[in-house]
Amino acid sequence: MSKDAGIISGCFTNLVVAVSCAALVMTGCGANSGHEEADNESAKQEVADAQDAASTDDQDEVQEPTRKLPAWTGKMVVYEVNIRQYSEEGTFNAFRPHLQELKDMGINTLWFMPVHPISETNRSGSLGSYYSITDYREINPEFGSKEDFIALVDEAHAMGFTVLMDWVANHTGWDCSWISEHPDWYTQNSKGEVISPEGMGWPDVADLNYDNEEMRAEMIDCMKYWIDNADIDGFRCDYATGVPVDFWESARPVLEEAKRARLEKDLEEGLPCLEDAGEILEDSSRSALYMLAEDNLVPSLLDSAFDSNYNWNLYDSIIQVGHDSKTADKLKYYLQPKMQEGTFAMNFTDNHDKNSYEYTLETGYGFDGAAAMYALTFTSEGVPLVYSGDEEGGMKALSFMEKDLIEWESDHSYRELLTELAKIRTENEALYAGSYGAVMEFDDSDNRNVLIFHRTLGDNSIKCILNLSKREQETDISSVIDASDTCLLHYVGEKKADDSFDSLEDNLMDPWEFVIIQD
């Protein structure tokens, strides 16, 4: 949602119970600023090891899902669209001309932050939070009209994009008609007054009551409305943790049926639709849409309601690596989170919460470190995310409640890097997500700051060697690189290097140097 959702996720996902209080080192929630002193390195590393291992142990037993995901989800490269800050106009129509740029960059999935009207009562800032919604069936006039949005989705589909809509089911804004018409649809205090979500620090929204079956039915119908009328391909669900799992599980089959009906209509009328629409309609066990939960606290959300969740643990850990307070080898714990069969995490270096309230690419990793972290998230299990403006360095923390235009001109463009990473990801099946791709297998490294792994699916094999530190590192990679290998990408920080392994023959890697290799 906003600042607090990201902070809460960061806190809880790093909670470790079975660690000595005297040695406890907290991660997330601002604790990243404490760098380890050299003389305490060994003791603190032992604690970090214990934390990392513990974080993967106390998870619910996973269950095999009852559905198969659409084929297009395997090679997703997701782009989070912040319409308000994307252009001077901040409208759908002003964004549309940029679709070709994103397609050229290799983006294939667009996630639009909430597009609904924003409440004025108890509004935060002059423009308000996108996540304080007045009417789920309408469009924020700041961005344009409903017809403008549908035309944008239609054009995106015609160009081969899939489209995800941001859905806020935990709460509404205070101007939502439901408050006056159906106050029982909301959580109330002992005086019968509608209240904000308790303990969250969100005074601009009213908490919904999921004990009310009528409200549940209307919420599902509102989600269905955008499939029926705009042909949405899936939803990113804000603060999914705050909504009962059984609501999401009851919503999923209704949304699936609606999307199948829409795919049938698209095919009959010759409209642009998913590339595997025919296969989806022929196989009743295959999902027709994609569901992403902003969560990694409730594993059961992935049993049947959702296909992916957030890899908050990985984000917190790569921030620590960027701040020189964790070594690269510890990332292994978070690059392969325990998840249900066929599901996968979304890996990110940045998003709207983190950018606005915690770190930019520069303050999180440094510009050189950010390039290496992009390489990691694009080649790992799961799907990668790019936030609006980060292709040009994400030069500032964007205001959440005010107009604050993205800086599109900078000396730190990642556009070429992201284009090459997207090409590598989508052209190599081993790098696909979930059951469509291969697992990561980690190779031995004699240096804790150098991460080496490969992913192999049939005849397709990709190897990655990354120095995830701001210092030169020595490591023996003679057993990893073969003379017959092809160098797909070689960078030193944010600067592209030659497509060869010659510079690695002395077993020295420059700060933030990485190479991606095809067997």
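Shown above is the structure to which this text applies.
Residues numbered from 1 in each chain as written. Predicted model: local features only at pLDDT ≥ 70, side-chain atom pairs only at ≥ 80, totals over all residues. Heavy atoms only, no water.

## Focus on the overall build of the chain
Summing up its helical and strand segments, the chain has 15 helices and 18 strands in all. Each of the 519 residues in the chain was classed as buried or not, and the buried ones make up 58%. Here the analysis covers contacts within the chain between residues at least 6 apart in sequence; of these, 72% occur between residues at least 24 apart. For the chain, the exposed area adds up to about 19700 Å²; of that, 46% sits on carbon and sulfur atoms. (Helix = DSSP H or I, 4+ residues; strand = E, 2+ residues; numbered from the N terminus. Buried < 20%, exposed > 50% of the residue type's maximum accessible area, 1.4 Å probe, protein only. Contact = heavy atoms within 4.5 Å. Areas by Shrake-Rupley, 256 points an atom, 1.4 Å probe, with all protein chains shown as cover.)

## Quick word on helix H14 (residues 361-379)
With 19 residues, H14 should cover 27 Å at 1.5 Å per step; its first-to-last C-alpha distance of 19 Å lies more than 12% under that length. At Gly369, H14 shows its strongest bend, of approximately 90 degrees. (Expected span 1.5 Å × (residues − 1). Bend = angle between axes of the 7 residues up to and from the residue.)

## What about the sheet that holds strand S10 (residues 383-387)?
The strand order around the closed barrel built from 8 strands is S1-S2-S3-S6-S7-S8-S9-S10, with neighbouring strands paired in parallel fashion. Here the average twist between neighbouring strands, direction ignored, is 25 degrees. The pairing of strand S9 (residues 344-348) with S10 spans 3 bridges and is classified as parallel. Looking across to S10, one finds that Phe348 is bridged to Leu385. With respect to the sheet, helix H8 (residues 213-230) is in contact with strand S3 (162-168), strand S6 (234-238) and strand S7 (290-293), its orientation differing from that of S3 by roughly 160 degrees. (Pairing = 2+ DSSP bridges. Axes fitted to C-alpha atoms, helices over the stretch in contact; angles between N-to-C directions.)

## Structural notes on the pairing of S6
Counting buried positions along S6 yields 5 of 5 residues, so the element is predominantly enclosed. Side-chain alternation along S6 places Gly234, Arg236 and Asp238 on one buried face and Phe235 and Cys237 on a second face that is also buried. Taken together, the 5 bridges between S3 and S6 define a ladder with parallel strand orientation. Within S6, the residue paired with Val168 across the bridge is Asp238. Inspection of the sheet shows S6 paired to S7 by 4 bridges, in the parallel sense. In the sheet register, Arg236 faces S7, and the bridge partner there is Leu292.

## Focus on the pattern of salt bridges
Taken as a whole, this structure holds 30 salt bridges when the rule is applied. Salt-bridge contacts for Asp166 lead to Arg236; the nearest nitrogen and oxygen are separated by 2.8 Å. Here the residue Asp166 occupies a position in strand S3, and Arg236 occupies one in strand S6, the gap between them amounting to 70 residues. Take Asp166: its relative accessible area is 1%, and that puts it in the buried class. Arg236 sits in the buried class, given a relative accessible area of 0%. In this structure, Asp266 engages Arg262 in a salt bridge whose closest nitrogen and oxygen atoms are separated by 3.1 Å. Of this pair, Asp266 and Arg262 are both found in helix H9 (residues 245-269), 4 residues apart, which corresponds to roughly one turn of the helix. Here the two residues Asp266 and Arg262 agree in accessibility, since each one is buried. By sharing partners, the salt bridges in this structure join Asp231, Asp233, Lys259, Arg262 and Asp266 into a single network. (Salt bridge = Lys/Arg side-chain N within 4 Å of Asp/Glu carboxyl O.)

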